[in-house]
Amino acid sequence: MDSGGADAARILSEIKGLKATKSDIEAKISALEAQLKDLNCRNDAVSSNGSCPLATSLDSGLGHGLSPEMIHRYSRQLLLPSFGVQAQSNLLKSSILVVGAGGLGSPALLYLAACGVGRLGIVDNDEVELNNMHRQIIHTEAYIGRLKVESAAAACRAINSTVQIVEHKEALRTSNALEILSKYDVVVDATDNAPGRYMISDCCVVLGKPLVSGAALGLEGQLSVYNYNGGPCYRCLFPTPPPTTACQRCSDSGVLGVVPGIIGCLQALEAIKIASAVGEPLVGRMLLFDALSGRIRIVKIRGRSLHCEVCGENATFTRQQFQEFDYEKFTQSPLSASAPPKLNLLSGDSRISSKDYNERLKNGEVHILVDVRPEHHFRIVSLPNSLNIPLSTLEKRLAEISSALREAEGQRDASLYVICRRGNDSQRAVNYLHDIGFTSAKDIIGGLESWARDVDPSFPTY
Amino acid sequence: MQLTVEFGGGLELLCNSVKIHNINIETPKGAQQLAMRDLLVWVQNNLIKERPEMFIKGDTVRPGVLVLVNDCDWELSGQLDTTLEEKDVVVFISTLHGG
Ligand SMILES: [Zn+2]
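Only a predicted model underlies this, so the values are computations on that prediction, with no experimental measurement involved.

**Comments concerning the interface of chain A and chain B**
Taken together, the contact between chain A and chain B spans 37 residues of the former and 28 residues of the latter. Together, the buried faces of chain A and chain B total about 2,600 Å²; carbon and sulfur atoms form 57% of this surface. In terms of surface lost to chain B, no three residues of chain A exceed Glu220, Arg297 and Arg302 of chain A, which account for 23% of the buried area on that side. At the junction of chain A and chain B, the tally comes to 6 salt bridges. Residue Glu75 of chain B is joined to Arg302 of chain A by a salt bridge in which the shortest nitrogen-to-oxygen separation is 3.6 Å. Run the count over chain A and chain B and you get 16 residue pairs in polar contact (both at pLDDT 80 or more). Going through the elements one at a time, helix H8 (194-207), strand E5 (211-217), strand E6 (220-226), helix H9 (234-237), strand E7 (285-290) and strand E8 (295-300) of chain A are the ones with two or more residues in the side of chain A that touches chain B.

**Some words on the UniProt feature "modified residue: 1-thioglycine" (unreviewed entry) in chain B**
Feature annotation in UniProt assigns "modified residue: 1-thioglycine" (unreviewed entry) to the following positions: Gly99 of chain B. Within the secondary structure layout, Gly99 of chain B lies in the segment after strand E8 (89-94). Classification of Gly99 of chain B as buried rests on a relative accessible area of 8%. Once residues within four sequence positions are removed from consideration, Gly99 of chain B is found in contact with Gly102, Gly103, Leu104, Arg135, Thr191, Asp192, Ala216 and Cys250 of chain A.

**With respect to the coordination of the zinc ion**
All names here are of chain A. Bound to the zinc ion on the protein side are Cys233 (SG), Cys236 (SG), Cys308 (SG) and Cys311 (SG), at distances that span 2.2 to 2.3 Å. Coordination at the zinc ion comes from 4 donor atoms whose angles at the metal span 92 to 116 degrees, giving a geometry best classed as tetrahedral. Between the donor residues of the zinc ion, the gaps in sequence give the motif C-x2-C-x71-C-x2-C. Here Cys236, found in helix H9, pairs with Cys311, found in the loop between E8 and helix H12 (319-324); they are 75 residues apart in sequence, far enough to count as distant. Like Cys311, Cys236 is buried.

**Let's talk about the confidence of the model for chain B**
Keep in mind that low pLDDT regions are not for reading the predicted coordinates in detail. Considering every residue of chain B, the mean pLDDT works out to 95; 100% of them sit at 70 or more. Across the interface, the model reports ipTM at 0.96; the global pTM reads 0.84.

**Quick notes on the packing of aromatic side chains**
Taken as a whole, this structure holds 13 aromatic pairs over all chains when the rule is applied. Arranged with centres 4.5 Å apart and planes meeting at 45 degrees, the rings of Phe325 of chain A and Tyr327 of chain A form a pair that is tilted. When its relative accessible area of 23% is taken as the criterion, Phe325 of chain A is described as partly exposed. Exposure remark for Tyr327 of chain A: the relative accessible area of 2% places this residue in the buried category. Seen from their ring centres, Phe55 of chain B and Phe92 of chain B are 5.0 Å apart, and the 80 degrees between their planes marks the pair as edge-to-face. Taken as a pair, Phe55 of chain B in the loop between helix H1 (36-46) and strand E4 (56-57) and Phe92 of chain B in strand E8 lie far apart in primary sequence, 37 residues in all. Given the relative accessible area of 0%, Phe92 of chain B is considered buried. A network of ring pairs unites the aromatic residues Tyr198, Tyr226, Tyr234, Phe238, Phe317, Phe322, Phe325, Tyr327 and Phe330 of chain A as a single cluster. A cation over a ring is seen here: Arg119 of chain A above Tyr184 of chain A, with NZ or CZ 5.0 Å from the ring centre. The residue whose ring lies beneath Arg235 of chain A is Phe317 of chain A, and the NZ or CZ to ring-centre distance is 6.0 Å.

**Some remarks on the sheet that holds strand E6 (residues 65-69) of chain B**
Hydrogen bonds along the backbone pair up the strands of a sheet, which may run parallel or antiparallel. All names here are of chain B. Judged by pairing direction, the sheet is mixed, and its 4 strands sit side by side in the order E2-E1-E8-E6 without closing on themselves. With one partner strand each, in any of the chains shown, strand E2 (20-24) and E6 form the two edges of the open sheet. Across the sheet, the mean angle separating the axes of adjacent strands is 20 degrees when strand polarity is ignored. Of the strand pairs in this sheet, E6 and E8 are connected by 5 bridges, and their pairing is antiparallel. Across the sheet, Val67 pairs through a bridge with Phe92, a residue of E8. Here H1 sits on the sheet and contacts strand E1 (2-8), E2, E6 and E8; the angle it forms with E8, its principal contact strand, is near 65 degrees.

**Here's the deal with the sheet that holds strand E4 (residues 186-189) of chain A**
All names here are of chain A. With mixed pairing, the 8 strands of this open sheet are ordered in space as E3-E2-E1-E4-E5-E6-E7-E8. The open sheet has two edge strands with one neighbour each: strand E3 (164-168) and E8. With direction set aside, neighbouring strand axes in the sheet form an average angle of 15 degrees. In this sheet, strand E2 (residues 119-123) lies alongside strand E1 (residues 95-99) in parallel orientation, the contact comprising 5 bridges. Note on E2: the bridge partner recorded for Ser95 is Arg119. With respect to the sheet, H8 is in contact with E1, E4 and E5, its orientation differing from that of E5 by roughly 170 degrees.

**Concerning the environment of Gly257 of chain A**
All names here are of chain A. Following the sequence through the fold, Gly257 ends up in the loop between helix H10 (250-253) and helix H11 (258-276). In this structure Gly257 comes out as buried when scored by relative accessible area, which is 11%. For the pair Gly257 and Leu394, spaced 137 residues apart in sequence, the C-alpha to C-alpha distance is 32 Å. If we skip the residues at most four places from it in the chain, Gly257 touches His134 and Arg135.

**As for the pairing of E2 of chain B**
If a strand is regular, its side chains alternate between the two faces of the sheet. Residue and element names in this part refer to chain B. On E2, burial follows the alternation: His21 and Ile23 on one face are buried, whereas Ile20, Asn22 and Asn24 on the facing-out side are not. Where E1 and E2 come together, 5 bridges link them in antiparallel fashion. By the bridge assignment for E2, Gln2 is matched with Asn24.

Calculation criteria
Residues numbered from 1 in each chain as written. Chains lettered and ligands numbered in written order. Predicted model: local features only at pLDDT ≥ 70, side-chain atom pairs only at ≥ 80, totals over all residues. Heavy atoms only, no water. Contact = heavy atoms within 4.5 Å. Buried area = accessible area lost by both parts, 1.4 Å probe. Salt bridge = Lys/Arg side-chain N within 4 Å of Asp/Glu carboxyl O. Polar contact = N/O pair within 3.5 Å; in protein donor to acceptor, adjacent residues only side chain to side chain. Helix = DSSP H or I, 4+ residues; strand = E, 2+ residues; numbered from the N terminus. UniProt positions renumbered as here; feature names shortened; annotations may be inferred. Buried < 20%, exposed > 50% of the residue type's maximum accessible area, 1.4 Å probe, protein only. Donors = N, O, S within 2.8 Å, 3.2 Å for Na, K, Ca; no water. Tetrahedral: all angles 85-135°; square planar, octahedral: opposite > 155°, others 65-115°. pLDDT = per-residue confidence, 0-100. Phe/Tyr/Trp six-rings, centres within 6.5 Å; stacked < 30°, edge-to-face > 60°. Lys NZ or Arg CZ within 6 Å of the ring centre and 35° of its normal. Pairing = 2+ DSSP bridges. Axes fitted to C-alpha atoms, helices over the stretch in contact; angles between N-to-C directions.

Written out as C-alpha cells, the structure reads:
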C-alpha cells in the first residue's frame, strides 16, 4: 500500500510538472502568434482607429472585410438579421478593456474573446487562488499562484486565437489609468471595490469612453452603462461615497459563484452592443438581479446631472485633477478588496499569539475560549471547546461567559481568551469585556488565520 | 394606504433579513397626501431594527442608497417630496461594489 501511495504521488507530481511545461509552451505559442500578427499588421495599412485590423487585412474581396475563416467562425452571429455582417465587422474593428479578471471579468472576457472583438485588454494584478475558482471560471487549477491576467489571456487565446489579447499586469491607478483606458473604445468595470468604481468612471468621463459597470455580492447583482449617449456617470448617481461599513466584500459576506457570472455575461452583452452599434444599451436604466427570489427588475435612473462634479455642465475635471485625485481617501477604503487592515486596539499584555495560546492549551491551563464570529462562520469551522458568542450579541450574553468561568474554576480565576477570524473583532470584544469588568480577557492575535498559519496548517481557512 | 416596501443590496439585513414588506400607512393628519418624507420616518420607526445609520443620514437616505418609486429613481419624481399613491412600490437598494 505504501509503495502504491508513493507511486501515485510520483505520477501526480510528474503530471503537474508536464502541465506546467505545457502551459508555458502554450503561452509562448500565443505570444509568438501575437507577434506574427503584429508584423503582418504593420506591413499592411494601419486602420483608422489605430487598432490592428487582424485577418481582415487578408481582404476576401467580399466587400465587408471578413475572411472566409471569420465567416465560418462567426456564421451564427452573421445569420442574425439584427446583428449580421455589419455588426460583426464593427466588433472586429473595436477594442474593449476589462478591468478585473475575477468573478465578473471571467465570463465577460470569455464571451468577448469568443464573439470576435478586435482587441481585448485585461487589467489585474492579483494571483489566482483556490477560493476564487468557484466563481472566476476563466481560471483553471493549473494557474493557482500565477497572475490572473496570464491565466485569463491564455484562456481567451485558447478560445479565439484571432483576437488580439493585451495583458496589463498591474493594478489600475490614477497614474496609469488614462494611458491604459485611452487605448480602448469601451471599458468594462469588473472590479470589486468602491474607490476603483469612482476612479474608472471619472477616467471614462475625462476620456469620453462608455463604461459598462457591473457589481455582485451575495445573491444579488447590479448593472448599468454610464457616460454614454447623454446618460449619467457613476458620480451623477452616487455623488457622495457610501460609508465604509456599507461596502461589503465577497471575502467577508460571501457570493454565490453563478451570480457574478450572470452579471458578467450581461456586461459582455452590453459591451458587444456598444462596440457593434446594435440595440439599446442600458443607459439611464439599471438592472437589479435578485438570485434567491428569481427576480430581475430594470429601473429608470436619473439622467446626467447638471451639477455633477465630474461630468456636469460647469464641471472642469481635467486629466491632471484626475491624476491627483485620492480615491482611497475619498471613499475611505483601499483600491483592492483584500483583507481589512489589522487593528491594534489593545496593549501587548492583553494579547497572546496563537502559538503561546497553543502552549497554554497543551499545559492544561484552565480557561474559556470565546469565538466572537457570526454563527454561520462558526458552523464552517471552529476550535474544539470554543464557545460561540457573536460580537453583535456579546452585550446580551455576558451571563454565559460568567457562568462558564464559574464552572471552569472559581470565578475570575480561569483565563478568558477571545478569538475571531482575523483578530480584529476579538480586539473589539476584549475592549468591551475589559470595560465591563472581565479584566483578564485576552485576544488571540491574528485569530484563526494565525492559528492555521502558525499552529495547525491542516486547520481550514476560508 | 397600502404600499409595498422592498429592501435590497444588503439593506434587508437592517430589517431581520426580510426583503418585502406589505404595509398599511396613514396619511399624516392635516396633510393632503403621503410624501416620501413621511414614509422614510415611518420605515425608520417601524421596519428598521438595527444600525439605523446604515439607512438614514440627516433627513434622507444615506449615500449609496438608491430609492425607487414604482421602478423609477426618486430623483426624477422629487425625492423627499415625491407623493405616494395606493399600491405604490417603494424600493430601497444599497449599491454593491463586489465582483
Ligand atoms: Zn456625472
